[in-house]
Amino acid sequence: MEYIEAKEKFISTWGSLGSLWGINKAMAQIQALLFISTKPLSMEDIMHDLKISRGNTSMNLRQLMDWGIVTKVLVSGERKEFFTTEKDVQELARIVAKERSRREIKPVIKVLEEVSSIKDDGTEKTKELIIQTKALKDLTDDLDTLMNKLVNQKQNWLTKSVLKLMK
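By the naming in an unreviewed UniProt entry, the chain goes by HTH-type transcriptional regulator and is assigned to Winogradskyella luteola. Quoted verbatim from the Sequence similarities (unreviewed entry) heading of the UniProt record, the comment on the chain is "Belongs to the GbsR family."

## Some thoughts on the domain arrangement of the chain
Parsing the chain into structural domains produces domain 1 (3-85) and domain 2 (89-166). On a C-alpha basis, the centroid separation for the pair domain 1 and domain 2 is 30 Å. Facing the nine residues of domain 1 at the interface are eight residues of domain 2. Between domain 1 and domain 2, roughly 740 Å² of surface is buried when both sides are summed, and carbon and sulfur atoms account for 69% of that area. Ranking the residues of domain 1 by area buried against domain 2 places Trp21, Phe35 and Trp67 at the top, with a combined share of 59%.

## A few points about the nonpolar core
In terms of nonpolar packing, the biggest core is built from 24 residues, with Ile30, Leu34, Ile46, Leu61 and Ile69 touching the most fellow members. When contributions to this core are tallied by element, the ones reaching two or more residues are helix H2 (25-36), helix H3 (43-50), helix H4 (54-67) and helix H5 (89-116). Examining the composition of this core, we find that six residues originate from one element, H2, more than from any other. The two domains that each donate at least three residues to this core are domain 1 (3-85) and domain 2 (89-166). If we skip the residues at most four places from it in the chain, leucine 61 touches Ile30, Leu34, Met43, Ile46, Val70 and Phe83.

## Some points on the environment of threonine 140
Note on placement: threonine 140 falls in helix H6 (residues 124-152). Taking the C-alpha atoms as reference, threonine 140 lies 9.0 Å from lysine 106; in sequence the two are 34 residues apart. The residues touching threonine 140, leaving out its near neighbours within four places in the chain, are Ile105, Ile109 and Leu112.

## Overview of the UniProt feature "domain: HTH arsR-type" (unreviewed entry) in the chain
Per the UniProt annotation, the sites labelled "domain: HTH arsR-type" (unreviewed entry) are residues 30-72. End C-alpha to end C-alpha, residues 30-72 measures 13 Å, and it is 67% helix and 12% strand.

Scoring rules and cut-offs
- Residues numbered from 1 in each chain as written.
- Predicted model: local features only at pLDDT ≥ 70, side-chain atom pairs only at ≥ 80, totals over all residues.
- Heavy atoms only, no water.
- UniProt positions renumbered as here; feature names shortened; annotations may be inferred.
- Domains from an automatic or database assignment.
- Contact = heavy atoms within 4.5 Å.
- Buried area = accessible area lost by both parts, 1.4 Å probe.
- Core = buried A, V, L, I, M, F, W, Y, C linked by side-chain atoms within 4.5 Å.
- Buried < 20%, exposed > 50% of the residue type's maximum accessible area, 1.4 Å probe, protein only.
- Helix = DSSP H or I, 4+ residues; strand = E, 2+ residues; numbered from the N terminus.

Laid out in structure tokens, this is it:
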């Protein structure tokens, strides 16, 4: 496989996987292109390489910057805006996990907390709702805490052990 084919395959695959970490295909493809780029890219570079519109590129770059995954950089002597992404895979995972927790998991925990805190009217169905939603809230809290602890570790013995168990 030659470079161009490998590059396109990586970007396409990363784009498909984007939904697993909570972003759309175009966002993931932009991040993938920046991830394998040896230098910051302009919006025009991104549009040309991915064959996507200016509006789509602009909107997705803005969202990637909101996530903290992509940053604007100044290129000496250039008037255009240039963009780059986090290159450290561990740091990228940490950023994505933190952002998904903030956007998705924390709101679910809040709802489960509200629902499990309803007034117990003494009926069996109310007691069951309280018991089950409290158990689910506690589990979600624990998993969120565990995930955040794992991604915040710098490849220590615990992280290495957990990763070995997952293989």
